Amino acid sequence: MAEFKVDTRLDHHQLLLEAIIRPAVLIDYSNSQWELLLRVARRAKLLGYLAAWLEKDGLLDKIPQRAVNLLRSSLIQVKKQQQSVNWELSRILWALDGREILIIVLKGMAYQLQDLPNAAGRIFADLDLLVSKEALGQIESVLSEKGWQHHALTNYDERYYREWSHEIPALVHPERGVEVDVHHTLSSPLGNLKIDPLPFQEAAIKVEDEGVYVLSPEDMLLHCAVNLFQNNELADDLRHLLDFHEILQFFSQQQLSFQEKLINRANRLGLGRPLFYSLYFSRLLLHSSVPDQLKKRLNHQPGWLALRIMHNCVPLALLPQHPDQPSKRAELARLLLYLRSHWLRMPLYRLLPHLIYKFYLSVFPGKSARARRNG
Amino acid sequence: MKVEQLSLDELRVLLAGQGLRVKMGPFNLSVQTRLPSLIHQLHQMYAHYSLADEDEIVEFHVRVIPKRSIRQPFARLIRFEVDGRSPFPPVSVEQALATLEWGVNLVIAMRINHLLLFHSAAVERNGHVLLLPAWPGSGKTTLSAMLMHRGYRLFSDEFGLMAPEIGDFFPLPRLMPLKNQSIKIIRDYLPEAILGPEIPGTLKGTVAHIRPPQESIERVDEAAQPRWIVFPKWVAGAALRLESLPQSEAFLLLATNAFNYEVLGETAFDAVTRLVRSCECRKLVYSDFDSALAALDELTDG
């Protein structure tokens, strides 16, 4: 069957990127541009982000009413989620009260605790925490005692988490349903990039009045970079590159020579490669201001060919597909990056059986439920 | 321009091409499909809907497309998609219309938070809205189908759409899925009702849709203030009872069955409080339509 026809005058990537870089352009968007932007931004999970910017700049009464309705709907949902995750953190701290466990809050909740510019309108449904490996057992048993539970897992998934992953299976309190991901390091222990969590924990910063810690600004960006270019598959991940861009801009304006410190930190921790890619693509797509000579000081830069391939593939994966006309090129790019991310995380003898198992489940989803019941 | 003014061929061209863009209550909906059976059904069932104004934003984009399955290579399956993603597993091609209608309801419930969405039927009489919230065994679809053929204007059999700040309710007249025994009951009681095909084997059993009356669809832009809240319950052989219900109880019943009460938080709490304070709240137990109609007529007179 042939594809449904699409108006090719509308470039969906351009519409989205311009809206993100300069939300003020949105007051000039035509209705048909809005219609496509709303669909693309929803897919990129950036509707709430756009809504928050428009609200902050007082532009919501200058755009079409139907767009306002969808943007506001999204923002209301996001605020509710933020509130839920915030409450979950408070419940965790209540459950662990009196135990000397250093808890570092990661990702969405950390951005919110510090009121970073990317936090407004940002969708996040999970609470991510980093603790020392020694404290894992204690946390898991205390939380289980107080009612948190693991999702039912197959034996395979249980083993995957326990032996090969940097986090334990998600904990959920059945009354609230918010997933709590407890990490003991920042990347898979099987991966090619060995990350020692200790320097991150030592540099962590205490959040006033909260009794928890967040990563230092440099480490927060490095974690973001590692998630993008080491842990994840990059598909529809523009919002995480946007996190990187916003946090980078924010601290670059606040602290003199912040970017220098960032580069030095990355070199010291051996994270030059993911930081290089993050800087490269946030400059390419989001126009982050990063001087050229700065990037050159990074260790572990990719070679010419690798960069060439990444340059062609990464934007196609990060940016959302057209909702009516998915491009085959983007699908191929996404497949390559999917394989790359697994390649980075697992040695081949583990990777191949894992991918075969995943493929089998995608064809026979019922089998996983059965395995769970029997397992 | 209305769907009924399109020939079947013109409709097919739209559905198979850029999409049929129709006005659906306060929203616009775009539907794409090439399934001949579904195109025929929509030609009849969507006849009264207006096409969305040229160049207006359409909020929801859905498609029904054929789907191949490795596990069932010879089954004729279809897939419902919204913005290219499918919230349901594939179903047989016979269930296309039911899946489309449920899918659109699901998208509305998932995405809309600028309005408070009650899980409730709503009709209008004498300029004010009568809410008929769902609770188990309420038969709100059947009851509102009956009322809309007896002088009440249908707002919706599924959604009470309320603007939380001003309290207005908005019509969203969509196809109404009658289930199992209610299909025969309505065929007998309302021979004039326009019903779609009977679709067996859905998750909710056999389903047949009623088309909302033309007037309900034409007056879709006329919002109204609520005045009565009646919690209906159909009980076989029961004598008619229409009793007043304490506001506190009405509040709890309404709040717990709204789709997005939790998401709206304080806004929803304030809105529901004002709603129950401004309305007459009743509980209705009935077994036959004529006496239920008489009781509701009396309640909503003048």
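Conventions used here
- Residues numbered from 1 in each chain as written.
- Chains lettered and ligands numbered in written order.
- Predicted model: local features only at pLDDT ≥ 70, side-chain atom pairs only at ≥ 80, totals over all residues.
- Helix = DSSP H or I, 4+ residues; strand = E, 2+ residues; numbered from the N terminus.
- Buried ≥ 20, exposed ≤ 12 C-beta atoms within 10 Å, placed from the backbone.
- Contact = placed C-beta atoms within 7 Å.
- Core = buried A, V, L, I, M, F, W, Y, C linked by C-beta atoms within 7 Å.
- Domains from an automatic or database assignment.
- Expected span 1.5 Å × (residues − 1).
- Axes fitted to C-alpha atoms, helices over the stretch in contact; angles between N-to-C directions.
- Parallel < 35°, antiparallel > 145°, perpendicular 65-115°, else oblique.
- Nonpolar A, V, L, I, M, F, W, Y, C, P; charged D, E, K, R; others polar.
- Left-handed = near helix turned anticlockwise from the far one by under 90°.
- Pairing = 2+ DSSP bridges.
- pLDDT = per-residue confidence, 0-100.

**Considerations on the overall build of chain A**
Link 1 in the chain: When helices and strands are counted, chain A shows 17 helices and seven strands.
Link 2 in the chain: Considering chain A as a whole, with its 375 residues, one finds that 39% of them fall into the buried category.
Link 3 in the chain: Intrachain contacts of chain A at a sequence separation of at least 6 include 66% that bridge at least 24 residues.

**Concerning the nonpolar core**
Note that soluble globular proteins tend to have their nonpolar side chains buried in a common cluster.
Link 1 in the chain: Among the nonpolar cores identified, the biggest contains 189 residues, and Leu50, Ile104, Leu129 and Ala225 of chain A are the most heavily contacted of them.
Link 2 in the chain: With nine residues, the single largest contributor to this core is helix H4 (residues 65–95) of chain A.
Link 3 in the chain: In this structure, this core is formed jointly by two domains, domain 1 (3–111) and domain 2 (116–174 + 212–300) of chain B, each of which donates at least three residues.
Link 4 in the chain: If we ignore the near neighbours within four places in the chain, the residues touching Ile104 of chain A are Leu129, Leu130, Gln201, Ala204, Tyr213, Val214 and Leu215 of chain A.

**Thoughts on helix H12 (residues 272–286) of chain A**
All names here are of chain A.
Link 1 in the chain: Here H12 is 15 residues long and its end C-alpha atoms lie 20 Å apart, about the 21 Å a rise of 1.5 Å per residue gives.
Link 2 in the chain: Of all 15 residues making up H12, twelve are buried, and the element is well covered by its neighbours.
Link 3 in the chain: Among the residues of H12, those classed as buried are Gly272, Arg273, Pro274, Leu275, Phe276, Tyr277, Ser278, Leu279, Tyr280, Phe281, Ser282 and Leu285.
Link 4 in the chain: Check the buried side of H12 and you find it contacts helix H1 (12–21), helix H9 (217–231), helix H10 (238–254), helix H11 (258–269), helix H13 (292–296) and helix H14 (304–318).
Link 5 in the chain: Once H12 finishes, His287 follows within two positions and takes phi at roughly 60 degrees, a positive value.

**Quick notes on the environment of Ala306 of chain A**
Link 1 in the chain: Secondary-structure assignment places Ala306 of chain A in helix H14.
Link 2 in the chain: The exposure class of Ala306 of chain A is partly exposed, given the 13 C-beta atoms found within 10 Å.

**A closer look at unusual backbone geometry**
Residue and element names in this part refer to chain A.
Link 1 in the chain: Although it is not a glycine, Lys45 sits at a positive phi angle of roughly 55 degrees.
Link 2 in the chain: Mapped onto the elements, Lys45 comes out in the loop between helix H2 (31–43) and helix H3 (47–56).
Link 3 in the chain: Although it is not a glycine, His287 sits at a positive phi angle of roughly 60 degrees.
Link 4 in the chain: Note that His287 resides in the loop between H12 and H13.
Link 5 in the chain: A count of 14 C-beta atoms within 10 Å places His287 in the partly exposed class.

**A word on the packing of H10 of chain A against H12 of chain A**
Residue and element names in this part refer to chain A.
Link 1 in the chain: Taken N-terminus to C-terminus, the directions of H10 and H12 make an angle of 90 degrees; their axes are 10 Å apart at the nearest point. One way to sum up the angle between H10 and H12 is to call them roughly perpendicular. For the pair H10 and H12, contact is made by Leu241, Leu242, Phe244, His245 and Leu248 and by Ser278, Phe281, Ser282, Leu285 and Leu286, respectively.
Link 2 in the chain: Across the contact of H10 with H12, the residue classes tally to seven nonpolar, three polar and no charged.

**Focus: the interface of chain A and chain B**
Link 1 in the chain: In this complex, chain A contributes 24 residues to the contact, which on the side of chain B involves 20 residues.
Link 2 in the chain: For the side of chain A that touches chain B, the elements supplying multiple residues, two or more each, are H2 and H4 of chain A.
Link 3 in the chain: Among the elements that line the side of chain A that touches chain B, the one with the most residues is H4 of chain A, at nine residues.

**So, the packing of H9 of chain A against H10 of chain A**
All names here are of chain A.
Link 1 in the chain: As a packed pair, H9 and H10 sit with axes 10 Å apart at the nearest point and diverge in direction by 160 degrees. With respect to H10, the element H9 is oriented roughly antiparallel. The handedness of the crossing between H9 and H10 is left-handed. Every residue of H10 that contacts H9 at Pro217, Met220, Leu221, Cys224, Ala225, Asn227 and Leu228 is listed here: His240, Leu241, Asp243, Phe244, Ile247, Leu248 and Phe251.
Link 2 in the chain: Of the residues that constitute the contact of H9 with H10, the class distribution is eleven nonpolar, two polar and one charged.

**A few points about the sheet that holds strand S4 (residues 77–82) of chain B**
Residue and element names in this part refer to chain B.
Link 1 in the chain: Reading across from one edge, S1-S2-S3-S4-S5 is the order of the five strands in this open sheet, with mixed pairing throughout. Edge positions in the sheet fall to strand S1 (20–24) and strand S5 (91–92), since each has one partner strand and no second.
Link 2 in the chain: Of the pairings in the sheet, the one linking S1 to strand S2 (residues 27–33) comprises five bridges and is antiparallel in character. Along S2, the bridge assignment pairs Lys23 with Asn28.
Link 3 in the chain: Where helix H3 (residues 96–111) meets the sheet, its contacts fall on S2, strand S3 (60–67), S4 and S5, and the angle it forms with S3 comes to roughly 150 degrees.

**What to know about the domain arrangement of chain B**
Residues and elements named next belong to chain B.
Link 1 in the chain: Split by domain assignment, chain B resolves into domain 1 (3–111) and domain 2 (116–174 + 212–300).
Link 2 in the chain: Inter-centroid distance (C-alpha atoms) of domain 1 to domain 2 is 28 Å.
Link 3 in the chain: Opposite the ten residues of domain 1 that make contact, domain 2 presents 13 residues.
Link 4 in the chain: Here the side of domain 1 that touches domain 2 takes four residues from H3, the largest share from any one element.
Link 5 in the chain: Classifying every residue of the side of domain 1 that touches domain 2 gives five nonpolar, three polar and two charged.

**Describing the confidence of the model for chain B**
Residue and element names in this part refer to chain B.
Link 1 in the chain: Per-residue pLDDT for chain B has a mean of 94; in total, 99% of the residues score no lower than 70.
Link 2 in the chain: Mean pLDDT in chain B bottoms out at strand S12 (residues 199–202), which sits at 91, and peaks at strand S10 (residues 169–170), which reaches 98.
Link 3 in the chain: Model confidence for the complex is summarised by a pTM of 0.92, with the ipTM given as 0.94.

**A word on the sheet that holds strand S11 (residues 176–179) of chain B**
All names here are of chain B.
Link 1 in the chain: Read from one edge of the open sheet, three strands run S11-S13-S12, paired in antiparallel fashion. Only two strands of the sheet have a single neighbouring strand rather than two, namely S11 and S12. Taken over all neighbouring pairs, the strand axes of this sheet differ in orientation by 40 degrees on average, direction set aside.
Link 2 in the chain: As paired elements, S12 and strand S13 (residues 205–210) share two bridges and run antiparallel to each other. For Thr202, the partnering residue across the bridge sits in S13 and is Gly205.
Link 3 in the chain: Sheet strands in contact with helix H5 (residues 181–189) are S11 and S13, and its direction is about 110 degrees off that of S11.

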